[in-house]
Amino acid sequence: MKIPALLSLLIFASAVSAEDGFTSLFNGKDLTGWDGDPKLWKVANGEVIGTCTGPDSMPHNSFLIWRGGEVKDFELHATVRVEGDNNSGIQYRSRELPEVAPWVITGYQIDIHPATEHTGMTYEEKGRGIFGLNGTNVLLDPAGALWKLSTHELVKVDVSQWNEYTVIARGNHLVHKINGKITSELTDCDESKRSLAGLLAIQLHRGNPNSVHIKDVRLKLLPVEAPQPFDAAKLPAGAEKIEKPRTKSPQGTGPVLSPTTKK
């Protein structure tokens, strides 16, 4: 028997704030409501902790998946830090890939990355890749071409320290923030590939030894909005078509360690 998403919210949440409409998804004691590889995830000292011990310990990025149902339009806040030269991220409107392995996810992600240009970026895990780096507002047109609409100052943080990551998803407009400052925005008009609903999850990245720590995850469901249509005539002045960004930092800021490399 499947539990409706809204009912699941009430079952799995540890607290509900009537004042601001947010529901806590982590009870501070155990992984109730979450699903991940028990060899990789635990709760200690009031934190969710995922640990990758090295390059040969995980064949794929692995995810801690919230089982409270799919989300559509929402605002999510999570307080996270990452130890080690690697990265993590928060998945949303995502789906599982059981044909690859258990707890493997594809979908939108806000990155938690030690390279400043990547942290807070708009990205699609195991999909279309990077859309907008930290400091950019971008749009995908119906053909999948990427447009840079505007730029702003990069948000700089130390991801090894506690920071609050925010995702606001309304229709096909996605906003990423760190500590209340916008890092990247995406308007996804590629109807054949975009997602308007899906799962929430936390990423544990394979490769270089690292651990991801989460101590607060809060969700507010928003009224569902219709996707914004693409209209070339309404693109802002100075908008330009660009190539999708590529990364020089697939994991952290240093070299990717091989299984024979000692750290």
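Just above sits the structure.
Our subject in this report is the structure included herewith. Since the structure is predicted, the reported quantities are computational estimates derived from the model, not experimental observations. (Residues numbered from 1 in each chain as written. Predicted model: local features only at pLDDT ≥ 70, side-chain atom pairs only at ≥ 80, totals over all residues. Heavy atoms only, no water.)

### A short note on the overall build of the chain
- On a plain count of helices and strands, the chain comes out with 1 helix and 19 strands.
- Against the globule reference of 18 Å for 263 residues, the chain gives a C-alpha radius of gyration of 18 Å, in line with a compact fold.
- Seen through its principal axes, the chain has C-alpha atoms that stretch 55 × 45 × 35 Å.
- Considering only contacts within the chain whose residues lie at least 6 apart along the sequence, 68% involve residues at least 24 apart.
- Split by element, the accessible area of the chain, about 12400 Å² in all, is 53% carbon and sulfur. (Helix = DSSP H or I, 4+ residues; strand = E, 2+ residues; numbered from the N terminus. Rg over C-alpha atoms; globule rule 2.2 N^0.38 Å. Contact = heavy atoms within 4.5 Å. Areas by Shrake-Rupley, 256 points an atom, 1.4 Å probe, with all protein chains shown as cover.)

### Digging into the layout of surface pockets
- By volume, the largest pocket is sized at about 220 Å³.
- Taken together, 17 residues form the lining of the largest pocket, with Asn87, Asp111, Tyr123, His205 and Pro250 sitting closest to its centre.
- When residues of the lining of the largest pocket are traced back to their parent elements, those giving at least two are strand S9 (105–112) and strand S10 (122–125).
- Here the lining of the largest pocket is composed, by residue class, of 4 nonpolar, 10 polar and 3 charged. (1 Å grid on protein atoms, 1.4 Å probe; cavity = no way out; pocket = protein on both sides within 12 Å on 5 of 7 lines; lining within 4 Å. Points joined across faces, edges and corners; volume = space filled by probe spheres on them. Nonpolar A, V, L, I, M, F, W, Y, C, P; charged D, E, K, R; others polar.)

### Topic: the sheet that holds strand S6 (residues 62–66)
- Overall, antiparallel pairing links the 7 strands, which are arranged S3-S6-S17-S8-S9-S10-S11 in an open sheet. Looking at strand neighbours, the two that pair on one side only are strand S3 (34–35) and strand S11 (129–132), the edges of this open sheet.
- Alignment of strand S8 (residues 88–96) against strand S17 (residues 199–204), held across 3 bridges, turns out to be antiparallel. Bridged to Gln91 within S17 is Ala201. (Pairing = 2+ DSSP bridges.)

### Focus: unusual backbone geometry
- In this structure, Asn45 takes a positive phi of about 55° despite not being glycine.
- Tracing the sequence through the fold places Asn45 in the loop between strand S4 (41–44) and strand S5 (47–52).
- Look at Lys126: it is not a glycine, yet its phi comes out positive at around 50°.

### Section: the side chain of Asn137
- Within the fold, Asn137 resides in strand S12 (residues 136–140).
- In this view, Asn137 contacts Trp147, Lys148, Leu149, Ser150 and Glu185; residues no more than four positions away in its chain are not counted.

### With respect to empty space enclosed by the protein
- Scanning all chains against the criterion turns up 2 cavities of 30 Å³ or more.
- The space that makes up the largest cavity amounts to roughly 40 Å³.
- Lining the largest cavity we find Leu25, Trp34, Leu76, Ala78, Ile90, Gln91, Leu200, Ala201, Ile202 and Val217.
- Residue assignment for the lining of the largest cavity shows that the elements contributing at least two residues are strand S7 (74–83), S8 and S17.
- In terms of residues, the lining of the largest cavity owes the most to one element, S17, which gives 3 residues.
- Here the lining of the largest cavity is composed, by residue class, of 9 nonpolar, 1 polar and no charged.
- Together, Phe26, Trp34, Val48, Leu64, Ile214 and Val217 line the second largest cavity.
- Counted by class, the lining of the second largest cavity contains 6 nonpolar, no polar and no charged residues.

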